[in-house]
Protein chains: 2
Amino acid sequence: MEMLTIQDVGEQGLLKRLQAFCPPEMVGDDAAVLTPLPERLLVVTTDVLVEHVHFSPLTTPPISVGWRAVAANLSDLAAMGALPLGITVGLGAPSTTSVDWVEDLYRGMVDCLQRYGTVIVGGDICRSPVISVAITAFGQVQPRGVIRRSTALPGDVILVTGGHGASRAGLELLLHPEMGCELAAIDRATLIRAHQYPQPRLDVVGKLPHPEALRLSSPRASGMNQSTREALISGMDSSDGLADAVLQICRASGVGARLDRSALPIHPALKTWKSAETAVQWTLYGGEDFELVLCLPLEMAQSLVGELGGAAAIVGAITPDPDVRLIDPTGVQPDEILSLDRGFQHF
Amino acid sequence: MEMLTIQDVGEQGLLKRLQAFCPPEMVGDDAAVLTPLPERLLVVTTDVLVEHVHFSPLTTPPISVGWRAVAANLSDLAAMGALPLGITVGLGAPSTTSVDWVEDLYRGMVDCLQRYGTVIVGGDICRSPVISVAITAFGQVQPRGVIRRSTALPGDVILVTGGHGASRAGLELLLHPEMGCELAAIDRATLIRAHQYPQPRLDVVGKLPHPEALRLSSPRASGMNQSTREALISGMDSSDGLADAVLQICRASGVGARLDRSALPIHPALKTWKSAETAVQWTLYGGEDFELVLCLPLEMAQSLVGELGGAAAIVGAITPDPDVRLIDPTGVQPDEILSLDRGFQHF
């Protein structure tokens, strides 16, 4: 049987099929209309993914491309303390692309969106020599609930909401299927799943202390402007790696950090597979784990770790000294100063 | 002197340069934070433009590519009755693209945004074998001010906010510079400008009757649901052509229309250049004029035409008969039934 392509169904035919992935009331006007909750700020983030740059058929079937694209954007909303209102999707694709591929892409997006209670509200499709997916996500947040990178203070501890390195390990297994024979089948599947279907931590947003409570208990009430004083939690997501997140927060806040090597949230399956050093490297620099890295007072962090469970952990603390140091409390490894140079460059 | 490319400055270097086009408070977090006015609905629209599909170096310098991309999105907001809050920009580009080209693109976007009092609030850049620009625009509108396609009623007149065909004519002059020698230099420049720097009609939104006034004076108060009853003005923009707009509104509203050939808002420079028949064709099907096509009661339309001035005109009326007919009141031309088949297919 011949594969049905975009060219076969035409732009209108494809649009019609893709509209099945949107709520019907969002379709049919020049723009979608959404009803935010009262007195919320609007949070907006956007990402572009390009075939062969951000994904390849080898490692990511179209359902996973869609899931990952949505997860990355929802993770950015979670990192701001926001809950999602919806996303728009701008798809560029060659006219020879199979309709099945495109529908699987949207299926993956909607699977992820549904899990987090949100929807595709609009989009555009157009011919392009390469498949590209541009997603913009909008969310809403109470003014005092906004989480920024720039408000970390010395004395805060650094909380990580879950394990790291699994996405990087899953990618390795997908690129080199002959590797990891020593892994249990379930661990192997877990690591691959972590790469293909990462979970943005929107669940954390609902578990953060209520903004009003934050405000009343804030020890930062003196000597700072209104917006700084009220931001008791600072942070971002770890999409570009745990080390990158800590470094970015420190740079934006004009502070440094101390990370405890023995407290790093290394994914358990990594420990049984890779050397301790590789496991640490992937945990710090692997990227795409889409956890949150939050800086907040110790007591509040302990309570949040308890509520989150799983691999959530306190991994270090913010320091006045601007360096970001990886410390080994056992003294076996020398201290290491981390830098942004090891981050990912897209060009 | 060597041309500086994206590869030369790297992703971080390019991002730094592009951040100069955003308000500083929008940069540096996982997402931008915006403050909508109280009790507004959020309106969202998105468009993807791809080099050689939607623009080419021959007809559109990068400043114009940026302007047009923004204008198209702002026009969609205007078509919903909304005023802009901001846009995000997702840029894909080969690493050999000149930095000047990219900066001119952003300059064009910001020129258009500034004119309408709004800004770039976020974005993403990534490597791609072809230049693509994905823009998402967000606006806000009072719940009773939303303009939809689906609420036109027989008895409404059809108001067009300005002249049509100029963008199509400008494109012709850009593609065939040897043409149009008979045009006055100023007309030639006007037509080219209409193509390269179209004006979204956000100014019209501020001149529409106040939503509360609409509600009180509505003759549609019986037999319809709440949302339909309150929507006294329906419409969309004419980005895909004036005929397409009327046809889409009629299809969405389950009505038909009568367009008066002698009332069509043919751009004056077209009349002196092209045959009457070509001028009518470009006016109906040319596209990218980014005017608004509004359906509303006669008296209100007359008052709005007076307020808008220029080429704003009443061009026809909505009919219960589902056909869309082009009528020649002089009887010289036979009636014509318009259909969607002549619209633009992107694949």
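Before reading further, recall that the structure is shown in the block above.
Analysis parameters
- Residues numbered from 1 in each chain as written.
- Chains lettered and ligands numbered in written order.
- Predicted model: local features only at pLDDT ≥ 70, side-chain atom pairs only at ≥ 80, totals over all residues.
- Heavy atoms only, no water.
- Contact = heavy atoms within 4.5 Å.
- Buried area = accessible area lost by both parts, 1.4 Å probe.
- Salt bridge = Lys/Arg side-chain N within 4 Å of Asp/Glu carboxyl O.
- Polar contact = N/O pair within 3.5 Å; in protein donor to acceptor, adjacent residues only side chain to side chain.
- Helix = DSSP H or I, 4+ residues; strand = E, 2+ residues; numbered from the N terminus.
- Nonpolar A, V, L, I, M, F, W, Y, C, P; charged D, E, K, R; others polar.
- Pairing = 2+ DSSP bridges.
- Buried < 20%, exposed > 50% of the residue type's maximum accessible area, 1.4 Å probe, protein only.

Draft legend 1. Expanded view of the interface of chain B and chain A. Taken together, the contacts link 59 residues of chain B with 59 residues of chain A. Buried area between chain B and chain A, both sides added, is near 4900 Å², and the carbon and sulfur share of it is 62%. Summed over the shared surface of chain B and chain A, the number is four salt bridges. Its salt-bridge partner being Arg148 of chain A, residue Asp29 of chain B comes within 3.4 Å of it at the nearest N-O pair. Inspection of the chain B/chain A interface yields 21 residue pairs in polar contact (both at pLDDT 80 or more). Secondary-structure elements contributing two or more residues to the side of chain B that touches chain A are helix 1 (6–19), strand 1 (32–34), strand 2 (41–50), helix 2 (62–79), strand 3 (83–93), strand 4 (120–127), strand 5 (132–141) and strand 7 (234–237) of chain B. The biggest single contributor to the side of chain B that touches chain A is strand 2 of chain B, with nine residues. Among the residues making up the side of chain B that touches chain A, the classes are represented as 31 nonpolar, 17 polar and 11 charged. Strand direction decides the pairing type here: strand 1 (residues 32–34) of chain A and strand 2 of chain B, joined by three bridges, are antiparallel.

Draft legend 2. Main features of the pattern of salt bridges. Tallied over the entire structure, the rule returns 25 salt bridges over all chains. Between Asp30 of chain A and Arg149 of chain B there is a salt bridge whose closest N-O contact spans 3.4 Å. One end of the pair, Asp30 of chain A, is in the loop between helix 1 (6–19) and strand 1; the other, Arg149 of chain B, is in the loop between strand 5 and strand 6 (157–160), on a second chain. Across the pair, exposure class does not vary: Asp30 of chain A and Arg149 of chain B are buried alike. Here Asp323 of chain A ties to Arg325 of chain A by a salt bridge, and the two come within 3.3 Å at their closest N and O atoms. Given the relative accessible area of 28%, Arg325 of chain A is considered partly exposed.

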